[in-house]
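Okay, here's what each chain looks like letter by letter:
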There are 2 protein chains.
Amino acid sequence: MANLQPGKPLDMAAIKVACANCNLHNLCLPLGIDTRDIERLDDIINRKRPLARGEYLFQAGAPFHAIYAIRSGSVKSFTATEDGQEQVTGFHLPGELVGLDAISSDTHNCSARALETTSVCEIPYPQLEELSALMPSLQRQLLRVMSREILQDEHMMMLLGRKAADERLAAMLMSMSNRFKQRGFSPREFHLSMSRNDIGNYLGLAVETVSRLFTRFQEDGLLETERKHVRILDLARLSVLAGANRISPDE
Amino acid sequence: MANLQPGKPLDMAAIKVACANCNLHNLCLPLGIDTRDIERLDDIINRKRPLARGEYLFQAGAPFHAIYAIRSGSVKSFTATEDGQEQVTGFHLPGELVGLDAISSDTHNCSARALETTSVCEIPYPQLEELSALMPSLQRQLLRVMSREILQDEHMMMLLGRKAADERLAAMLMSMSNRFKQRGFSPREFHLSMSRNDIGNYLGLAVETVSRLFTRFQEDGLLETERKHVRILDLARLSVLAGANRISPDE
DNA sequence: CGGCTGCTTGATTACGCTCAAGATTAGTGG
DNA sequence: CCACTAATCTTGAGCGTAATCAAGCAGCCG
């Protein structure tokens, strides 16, 4: 909570909050690492100036030298398809790591762009690798984070392969809801920083479909939207819809 | 080549080929690790008796204690959706690792089943973790393998989100072709060990659609099939189709 | 040989895309 | 501060692709 008091003006000193004091340390890489070791991790991390909406964190094709932890704000990552159009591969909230897919190829395969004013921690990869060889707990956590990413991607594959449009949007909203809750925000009311276009792209749907679904969800009393602000009225039903129920109709 | 001579009867001694002599070592975990270190890796690996077609390597829900490298044969991994139906998440060929998504949760989230007679190396995870803390090159390779997995999953997400049915099947066939080629087999002629059902499930398509597509590809002179045997006649055109060309029609 | 499973083919339906237009919001400069 | 433009979002109509439903066919086992 120390580093993000709404009233205060943006203060570069405040931004340089150490991992140990960061309210995200139980989501991010430092999870499960003891206090002394966190300081060593802290030493290799660069806090960068906040990114404005639309700024790139990195671009596809750029040489890979660091992964990034979101500190505040949000980021979308996306690749370009062979024919030039973009494919959104993920939205990232505070505490999440971006750029893990670049490790294998030494080159960024996707681009990452700030969806709003966003601050990040840059973690130089060679040094992270080195440090994790010395700190088993860090190595362990790094592998776990990557494994979780694989798990999430598999989940996403299932969503794209088997689910209907309404189930996809419901699942995406539930994912957001859960992630906001984890971060101490309301799971029922939040701000979606990405455009409808991005949502559609991410979910493999046309923008029009996303728009229609939001209207329908609203008519069904599932939620209320005001532009990018979402208030979920019936979390239980949305959760069921997100699960999978093309056979068993709810009510 | 030493460990898999077709004429010879199955010999348990032959199965115990060390990593150093394994013809897959430049695809698998030992890649980039020097000879002495490979022996240490070798010591923790268990070669298990071959699995018969349909046998489980592990099942979802089981406690996680090892990852597996495919030595010969092939495996499909799959999760169960909330409503009980299965979702194939991948097909794995010799040299590939299975079970990486279980690291984060200490539990297998997906099941893995042999698609044909298959032999695997079991790599106990606690010992792998320990060893990779001592061997930077192993740690490095492990992280790379996981990163590559993430990259592939992203590629798959794009396929499921943006591509038409024919493009999906073409992409899947190209993936198989490339992987067979990497392993020293013909990229134009191979055996698909999985059923049409599994292919459809994996690609997010109905079985009927897969079947129709195989017929159409054959009519178009792209390939020939005889049950599970596939012969690609026009690799170039298949590759283009796999790419993305809903706009620019080829001929 | 009969029963089984997996594959193929056909007919019909429907979900979501495309195209098109209008509405609302945000961004910009006078 | 308001007008103007550009971008984003919403809504509608029609169409196309792939799913579903329904048989028939081929390979494989006891």
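Cut-offs applied
The residue numbering used here restarts from 1 in each chain and proceeds along that chain's sequence as written. For this description, chains carry letters from A and ligands carry numbers from 1, given in the order in which they are written. With the structure being a predicted model, the display of local features is reserved for residues of pLDDT at least 70 and the display and counting of side-chain atom pairs for 80 or more, all residues being used for whole-chain, interface and lining totals. Think of the side-chain values as coming from all heavy atoms in the structure, minus any hydrogens and water. Working definition: with a 1.4 Å probe on protein chains only, accessible area under 20% of the residue-type maximum means buried, over 50% means exposed, and in between means partly exposed. Secondary structure elements are taken from DSSP: a helix is a run of H or I of four residues or more, a strand is a run of E of two residues or more, and numbering for both begins at the N terminus. Note on contacts: a residue pair is in contact if any heavy atoms of the two residues lie within 4.5 Å. As used here, buried area is the combined drop in accessible area, with a 1.4 Å probe, of two parts when they are placed together. In what follows, salt bridge is the name for a side-chain nitrogen of Lys or Arg lying within 4 Å of a carboxyl oxygen of Asp or Glu. Side-chain atoms alone can form a polar contact between residues adjacent in sequence; in general such a contact is a pair of N or O atoms within 3.5 Å, and within protein one must be able to donate a hydrogen while the other accepts it. Each residue gets one of three labels, nonpolar for Ala, Val, Leu, Ile, Met, Phe, Trp, Tyr, Cys and Pro, charged for Asp, Glu, Lys and Arg, and polar for the others, Gly among them. Domain limits in this description derive from either an automatic procedure or a database domain assignment. When at least one non-hydrogen atom of a residue lies within 4 Å of a molecule or strand, that residue is treated as near it. The superposition of copies rests on a least-squares fit of C-alpha positions from residues with pLDDT of 70 or more in both.

## Describing helix H3 (residues 125–134) of chain A
Those residues of H3(A) lying buried are A:Tyr125, A:Leu128, A:Glu129, A:Leu131, A:Ser132 and A:Ala133. Close packing links the buried residues of H3(A) with helix H2 (35–44), strand E3 (66–72), strand E8 (119–124) and helix H4 (136–162) of chain A together with helix H3 (125–134) and helix H4 (136–162) of chain B.

## Things to note about the environment of A:Met135
All names here are of chain A. Relative to the helices and strands, Met135 resides in the loop between H3 and H4. A C-alpha to C-alpha distance of 9.6 Å links Met135 and Arg40, two positions 95 residues apart in sequence. Residues contacting Met135, with those up to four places away along its chain left out, are Ile33, Asp37 and Arg40.

## With respect to the interface of chain A and chain B
Taken together, the contacts link 44 residues of chain A with 44 residues of chain B. In this assembly, chain A packs against chain B so that about 4,300 Å² is buried in total across both faces, 58% of it on carbon and sulfur atoms. In this assembly, chain A and chain B are joined by four salt bridges. Among the salt bridges present, the one from B:Asp106 reaches A:Arg144, with a minimum N-O distance of 2.9 Å. At the junction of chain A with chain B, the criterion picks out 20 residue pairs in polar contact (both at pLDDT 80 or more). When residues of the side of chain A that touches chain B are assigned to their parent elements, the largest contribution, 19 residues, is made by H4(A). When its residues are assigned to classes, the side of chain A that touches chain B shows 17 nonpolar, 13 polar and 14 charged.

## Some remarks on the domain arrangement of chain A
All names here are of chain A. On domain assignment, one finds that chain A holds domain 1 (12–159) and domain 2 (163–242). Between domain 1 and domain 2, the C-alpha centre-to-centre distance is 25 Å. In this assembly, 19 residues from domain 1 lie in contact with 17 residues from domain 2. Taken together, both faces of the contact between domain 1 and domain 2 bury some 1,600 Å²; the carbon and sulfur share is 59%. It is Phe91, Leu93 and Leu159 in domain 1 that bury the most area against domain 2; as a group they hold 41% of the surface buried on that side.

## Structural notes on the protein's contact with DNA strand D
Taken together, 18 residues lie around DNA strand D, and A:Ser211, A:Arg212, A:Thr215, B:Ala165 and B:Thr209 are the ones closest in. Counting only atoms of DNA strand D within 4 Å of the protein, the sugar-phosphate share comes to 64%. The contact in question runs from a phosphate oxygen of DNA strand D to an N or O atom on the side chain of A:Ser211, over 2.8 Å. A:Thr215 places a polar side-chain atom, nitrogen or oxygen, 2.7 Å from a phosphate oxygen of DNA strand D. Of all the secondary-structure elements, those providing two or more residues to the surface near DNA strand D are helix H6 (196–203) and helix H7 (207–219) of chain A together with helix H7 (207–219) of chain B. When residues in the surface near DNA strand D are grouped by element, the largest group, four residues, is from H7(A). Split by residue class, the surface near DNA strand D holds four nonpolar, six polar and eight charged.

## Some thoughts on the relation of the copies chain A and chain B
Here chain A sits on chain B after a turn of 180° about the axis and a move of 0.0 Å along it, with an RMSD of 0.0 Å. The relationship between the two copies is best expressed as a two-fold rotation axis. In this assembly, 100% of the residues forming the interface of chain A have copies in chain B that are likewise at the interface, indicating an isologous arrangement.

## Considering the pattern of salt bridges
All names here are of chain B. Scanning the entire structure with this criterion turns up 26 salt bridges over all chains. Between Arg49 and Glu55 there is a salt bridge whose closest N-O contact spans 2.9 Å. As a salt-bridge pair, Glu96 and Arg179 come within 3.0 Å of each other at their nearest N and O atoms. Here Arg179 lies in helix H5 (residues 165–182) and Glu96 lies in the loop between strand E5 (86–92) and strand E6 (97–98), a separation of 83 residues in the sequence. An identical accessibility class is assigned to Glu96 and Arg179; each is buried.

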